[in-house]
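# Commentary on secondary and tertiary structure
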Amino acid sequence: SKGFFTFDPGFVSTAACESKITFIDGAKGVLLHRGYPIEQLAEQSDYLEVCYLLMYGDLPTTEQKAKFIATIKNHTMVHEQLRNFFNGFRRDAHPMAIMCGVVGALSAFYHDSLDISNEHHREIAAFRLISKMPTLAAMVYKYSIGQPFMYPRNDLSYGENFLHMMFGTPCEESNINPVLARAMDRIFLLHADHEQNASTSTVRLAGSSGANPFACIASGIAALWGPAHGGANEAVLNMLEEIGDEKHIDTFIARAKDKDDPFRLMGFGHRVYKNFDPRAKVMKQSCDEVLEELGLENDPLLKIAKRLEKIALEDEYFVKRKLYPNVDFYSGIILKAIGIPTEMFTVIFATGRTPGWIAHWHEMISGPYRIGRPRQLYTGSEKRDFVPVDKRK
Ligand code: SDX
């Protein structure tokens, strides 16, 4: 059925829904988007082409790609009134708090003119979100540092434009390093979709009620924020900085194994991958390229990261539990090297994941669907009568 969840009667906690978008084989470390391996897409494609693939189910022809890119560029600016929303936030608010707010606020600008039962309107919503997420993400950063918002530029690629809006100022021409722009594009691409993860399932559940796409994406941003999910890239950098020096690694490894210690090795393990996360391998290659370009090959955090990875691949505790590096392990090191502050990392993840969220939302509401209604195993009190307060012990 096209329903949100199809329960297997024997396992209430095992819920699955149908999708044609992404396939993962966690045991083999396989990730396919509409059948194409992530390694080939990362090597030979680019982010907007993968957005098209996720949305329409196939890679675009030259003409389709040019039209898609032109349409995306047509929607990169946000309503000038939206700029006022930022003034309601403290400058030191967490960027994900602001992102939840301003993306949800897009509903106030575009929702009324959208009929989500209309295929063309759904497409317009998708374009607006993919176009505006980097603009809003960069605005969140600029607001936090008290610099003026930068308008998007249509002569730049998606990665170049994002770096322009993040680091450009009205005082001088943006000088974008093509290696960093390519790394940015690849980071967005590697985060584009990942099957029924927590935030995508949140978007699908919100969408199953008929909520507008902007509100659904805002719910996905909220779910992504947690350190067990999209917040892990920020947590990885905080962990590496807390370790601080290779000589302290053994202490943290012992803590990660200690059942009584809540500390976990951030960037390791995965709900599905019990093998290398294929995205982590590509991310590591990008990491090496960026650090070499910036002359940071001897970055102390990278040395700690590489030592942690080596231990995780050899130490019996991690090997037995199949705790391999995941997509978040290296992305944070790249983003920090590019100059993006740690608290912005999950905003970058949300920006990259937008086409995946949109594709799943679109897939679900494009055909007959029913509202999602996960059931439960009740383990509370048996039925009992009310006791007046003066009779309670
Ligand atoms: C993402 O779902 C997706 O697709 C998500 C994502 C996406 O693209 O959308 O891939 C993005 O969320 C990647 C994951 C990012 N999170 C982290 O890096 C946080 C650190 N990882 C852990 O919190 C954990 O590995 C999870 C949450 C990712 C997965 O948890 P599971 O599958 O529920 O594993 P588990 O908690 O059942 O752990 C199994 C064992 C336990 O030990 P035992 O009880 O068997 O003795 O492994 C241990 C855990 O204690 N363990 C870890 C560990 N992760 C699991 N021990 C130390 N460090 C870790 N990171």
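Quick caveat, the model's predicted, so the values are computed rather than measured.

## Describing the overall build of the chain
When its secondary structure is counted, the chain shows 17 helices and five strands. Against the globule reference of 21 Å for 393 residues, the chain gives a C-alpha radius of gyration of 22 Å, in line with a compact fold. Burial statistics for the chain: of 393 residues in total, 50% are counted as buried. Expressed as a percentage of contacts within the chain between residues at least 6 apart in sequence, the contacts between residues at least 24 apart total 74%. A total of about 18700 Å² of accessible surface is found on the chain, and carbon and sulfur atoms cover 53% of it. The average position of the 45 basic charges and that of the 48 acidic charges among the side chains of the chain differ by 7 Å.

## Digging into unusual backbone geometry
Of all residues except glycine, most have a negative phi; of all peptide bonds, most are trans. Phi at Glu 195 is positive, roughly 60°, even though this residue is not glycine. Looking at the secondary structure, you find Glu 195 in the loop between α8 (178-190) and α9 (198-207). Although it is not a glycine, Lys 322 adopts a positive phi angle of roughly 55°. With respect to the element layout, Lys 322 can be found in the loop between α15 (316-320) and α16 (327-338).

## Some thoughts on the site of the ligand
Taken together, the neighbourhood of the ligand is formed by 25 residues, with His 194, Leu 265, His 270, Arg 279 and Arg 353 sitting nearest. At a separation of 2.8 Å, a nitrogen atom of the ligand approaches a polar backbone atom of Leu 265. In the environment of the ligand, an oxygen atom lies 3.5 Å from a nitrogen or oxygen atom belonging to the side chain of Lys 274. Within the complex, the protein chains bury 77% of what would otherwise be the 1100 Å² of accessible surface of the ligand. Of the residues that constitute the shell around the ligand, the class distribution is 10 nonpolar, seven polar and eight charged.

## Let's talk about a negative patch on the surface
Residues Glu 289, Glu 292, Glu 293 and Glu 297 make up a contiguous surface patch of negative charge. Here Glu 297 lies in the loop between α13 (278-293) and α14 (300-314). Given the relative accessible area of 41%, Glu 297 is considered partly exposed.

Reading the values: rules and limits
Residues numbered from 1 in each chain as written. Predicted model: local features only at pLDDT ≥ 70, side-chain atom pairs only at ≥ 80, totals over all residues. Heavy atoms only, no water. Helix = DSSP H or I, 4+ residues; strand = E, 2+ residues; numbered from the N terminus. Rg over C-alpha atoms; globule rule 2.2 N^0.38 Å. Buried < 20%, exposed > 50% of the residue type's maximum accessible area, 1.4 Å probe, protein only. Contact = heavy atoms within 4.5 Å. Areas by Shrake-Rupley, 256 points an atom, 1.4 Å probe, with all protein chains shown as cover. Lys, Arg positive; Asp, Glu negative; His and termini not counted. Charge placed at Lys NZ, Arg CZ, Asp CG, Glu CD. Near = heavy atom within 4 Å. Polar contact = N/O pair within 3.5 Å; in protein donor to acceptor, adjacent residues only side chain to side chain. Nonpolar A, V, L, I, M, F, W, Y, C, P; charged D, E, K, R; others polar. Patch = residues over 30% accessible without salt bridge, like charges linked within 9 Å, V, L, I, M, F, W, Y side chains within 5 Å. Salt bridge = Lys/Arg side-chain N within 4 Å of Asp/Glu carboxyl O.

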